[in-house]
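Residue-level listing of the chains:
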Amino acid sequence: MTAKETIQRLKQRLADPSLKIAIIPHISPDGDAAGACSALWQLFDALGMQARLLSCDYFPDYLRWLPRVSDAISFQNRPGECKEWLREAGLLCMLDHNTLAREGDLEPITRKFRGEILMIDHHPDPEGATYRFSDTRVSSTCELLYTLIAKAWGKAIIHPGIANALYAGISTDTGCLSHNSSRPRTYRVIADLLALGMQKERVHDHLYQRCSLSRLRLEGHCLLNKMTIEEEYPLAIIPVTRQELEKFDFKDGDLEGVVNMPLAIERVLVSVQITERKERVKFSFRSKGEIPVNLWAKRYFGGGGHRNAAGGQLALPLDECVQLLRESAAWFFSEHVNDTRG
Ligand code: 5GP
Ligand code: MN
């Protein structure tokens, strides 16, 4: 089916005002997932549709100003409401992820979902979905969602609240337009959003200028005391323990972006942050240029993602995770890194 046909079928389905809709981001939602959820729910509001936002965990504070995000129902404290809405819903919208496996504790329930699924995403290897909008070339899910809305309903339906949310996703997923943003189309979308009333200063203020002192100190601690650079490989590693997180009063989202910082060093081509969380250790991978860190995340760390930004997780002690990363670096750098730096 062509994208045009998929849009037509989706519009027909949304013509039914009794349809109940569930919007779901991936586990540990980031700015792109939150921006897309906010924009899509605001669109459904404008269309007079009944939607709810369900998340397996929580949206971090720095994203809760986005319209509708603070109305999300978390499976962690309101599991009954999530289950009930999913029983009643006829359409499930999975945003910024392309497999139900990225829905954490909601996965066992969404796997049993019998209605239709709308996927809007930009990761490789999508699985299933009745209406699938998936494109790895776009900067972000929000950029793709903009195109979908504009094609299906016309730009005029995008009011400033929707425009702000879409821009929040584009800005955060590209590191303020530093990566994943070499296509002219991304800038045309941003120009359109500005013309539609997007408030760039306001969005930047919320996203980048309201962090706590302890968050900034945690970043400093990571760079000064935790980051190591391997001698054999152009690889930076930042391991962070739970104790350290507690010491710096960690809140979800506080480590967002830290893994990118070592890439500022000329010799470093790959940066990995390994963070000890409650039941698992979380891996964040970043790379420069053509280096496909998603293949490393997939093969050894139960994860995946984009070529230059990937993640994974293991239920092993932190020091064993660091060791596994170091051991598997030999395989990764010999198989997938041609750059002779380092
Ligand atoms: P982050 O390092 O910001 O948590 O994640 C970067 C990217 O890696 C995300 O946008 C997502 O595409 C991917 N990713 C992170 N964690 C996982 C995971 O556990 N599994 C998979 N498949 N992808 C992940
Ligand atoms: Mn994204």
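Now for a description of the structure that goes with this document. Every chain begins its residue count from 1, and numbering advances along the sequence as written. Chains and ligands are labelled by the order in which they are written, letters from A for the one and numbers from 1 for the other. Reporting in this predicted model follows two pLDDT cut-offs: at least 70 for local features of residues, and 80 or more for side-chain atom pairs to be given and counted; totals over whole chains, interfaces and linings ignore these cut-offs and use all residues. Values reported for side chains reflect all heavy atoms of the structure, with hydrogen atoms and water molecules removed beforehand.

For the rest of this paragraph, the subject is the overall build of the protein. The secondary structure listing takes helices from DSSP runs of H or I that are at least 4 residues long and strands from runs of E that are at least 2 residues long, numbered from the N terminus. Broken down by element type, the protein carries 12 helices and 12 strands. C-alpha atoms define the radius of gyration, and 2.2 Å times the number of residues to the power 0.38 defines the globule rule. Over its C-alpha trace the protein gives a radius of gyration of 20 Å, about what one expects of a compact globule, namely 20 Å for 342 residues. Taking the principal axes of its C-alpha atoms as reference, the protein extends roughly 60 × 45 × 40 Å. Looking at the protein as a whole, 51% of its 342 residues qualify as buried. The contact criterion used throughout is that any non-hydrogen atoms of two residues lie within 4.5 Å. Across the protein, every contact between residues at least 6 apart in sequence was considered, and the portion connecting residues at least 24 apart equals 64%. About 15600 Å² of surface is accessible on the protein, with carbon and sulfur atoms providing 48% of the total. Within the protein, one finds 43 positive and 44 negative side-chain charges whose respective centroids are separated by 4 Å. Partly exposed residues are those whose accessible area sits between 20% and 50% of the maximum for their type, while under 20% is buried and over 50% is exposed, using a 1.4 Å probe and protein chains only. Values of accessible area rely on a 1.4 Å probe in the Shrake-Rupley scheme; residue burial ignores everything except the protein chains shown. By the counting rule applied here, Lys and Arg register as positive and Asp and Glu as negative, while His and the ends of each chain are not counted. We put the charge of a Lys on NZ, of an Arg on CZ, of an Asp on CG and of a Glu on CD.

Right, let's get into the environment of Met 198. For Met 198, the location among the structural elements is in the loop between helix H7 (184–195) and helix H8 (200–208). On the basis of relative accessibility, which here comes to 6%, the residue Met 198 falls in the buried class. C-alpha separation for the pair Met 198 and Gly 161, spaced 37 residues apart in sequence, amounts to 7.4 Å. If near-sequence neighbours (up to four positions away) are discounted, Met 198 is found in contact with Ala 163, Asn 164, Tyr 167, Ile 190 and Leu 193.

Compared with an ideal rise of 1.5 Å per residue, which puts 19 residues at 27 Å, helix H12 (residues 318–336) spans 25 Å between its outermost C-alpha atoms and is within 8% of the ideal. What is called the bend at a residue is the angle between a pair of axes, fitted to the seven residues leading up to and ending at it and to the seven starting from it. Helix geometry: H12 is bent most strongly at Ser 328, by close to 35 degrees. Here H12 has its buried residues at Leu 318, Cys 321, Val 322, Leu 325, Ser 328, Ala 329, Trp 331, Phe 332 and Phe 333. Against strand S8 (235–240), strand S9 (270–276), strand S10 (281–287), helix H11 (293–300) and strand S12 (309–314) lie the buried residues of H12. Expected helix span is computed as 1.5 Å times (number of residues minus one).

On to the sheet that holds strand S11 (residues 304–305). Working definition: the strands of a sheet are paired by backbone hydrogen bonds and lie parallel or antiparallel to each other. Read from one edge to the other, the open sheet built from six strands follows the order S7-S8-S9-S10-S12-S11, with strand pairing classed as mixed. Since the sheet does not close on itself, it has two edges, and those belong to strand S7 (228–229) and S11, each with one partner. Strand contacts of helix H9 (residues 213–226): S7 and S8, with the helix running at about 120 degrees to S8, the strand carrying the most contacts. Its contacts with the sheet place H11 against S8, S9, S10, S11 and S12, and it is angled at close to 15 degrees to S12. Here a strand pair is declared whenever DSSP counts at least two bridges between the two strands. An axis is simply a line fitted to the C-alpha atoms; with a helix, the fit covers only the stretch in contact. Between two such axes, the angle follows the N-to-C directions and lies from 0 to 180 degrees.

With that settled, consider the packing of helix H1 (residues 3–14) against helix H5 (residues 141–153). Between H1 and H5, the least distance of the axes is 10 Å, while the angle of their chain directions is 75 degrees. Judged by the inter-axis angle, H1 sits roughly perpendicular to H5. The segment H1 lies against H5, with Ile 7, Lys 11 and Leu 14 engaging Leu 148, Lys 151, Ala 152 and Trp 153. Three residue categories are used. Nonpolar comprises Ala, Val, Leu, Ile, Met, Phe, Trp, Tyr, Cys and Pro, charged comprises Asp, Glu, Lys and Arg, and polar comprises the others, including Gly. In terms of residue class, the contact of H1 with H5 is built from five nonpolar, no polar and two charged. The scheme is simple: roughly parallel for angles under 35 degrees, roughly antiparallel for over 145, roughly perpendicular for 65 to 115, oblique for anything else.

Turning our attention to the sheet that holds strand S2 (residues 50–55). The strand order across the open sheet formed by six strands is S3-S2-S1-S4-S5-S6, and the pairing between neighbours is parallel. Looking at strand neighbours, the two that pair on one side only are strand S3 (73–74) and strand S6 (131–134), the edges of this open sheet. Strand direction decides the pairing type here: strand S1 (residues 20–24) and strand S4 (residues 91–95), joined by four bridges, are parallel. Its bridge partner lying in S4, Ile 21 is registered against Leu 91. Packed onto the sheet, H1 meets S1, S4, strand S5 (116–121) and S6 and runs at close to 130 degrees relative to S6. Here H5 sits on the sheet in contact with S5 and S6, set at roughly 120 degrees to S5.

Criterion for a disulfide: a pair of cysteine sulfur atoms at a distance within 2.5 Å. Applying the stated criterion across every chain yields a total of zero disulfides. Lacking any disulfide linkage, Cys 82 is separated from the closest cysteine sulfur, that of Cys 56, by 9.4 Å. We note that Cys 321 lacks a disulfide partner, and the nearest cysteine sulfur, in Cys 222, lies 16 Å from it.

Counting 53 residues, the largest nonpolar core has Ile 21, Ile 23, Phe 44, Phe 133, Leu 145 and Leu 193 as its most contacted members. Looking at which element gives the most residues to this core, the answer is helix H2 (residues 31–47), with eight residues. Excluding residues within four positions of it along the chain, Phe 44 makes contact with Leu 14, Ile 21, Ile 23, Met 49, Ala 51 and Cys 93. By convention a nonpolar core is built from buried Ala, Val, Leu, Ile, Met, Phe, Trp, Tyr and Cys residues, the set being connected through side-chain atoms within 4.5 Å. One finds Tyr 233, Val 272, Phe 333 and Val 337 within the second-largest nonpolar core, a separate group that totals 26 residues.

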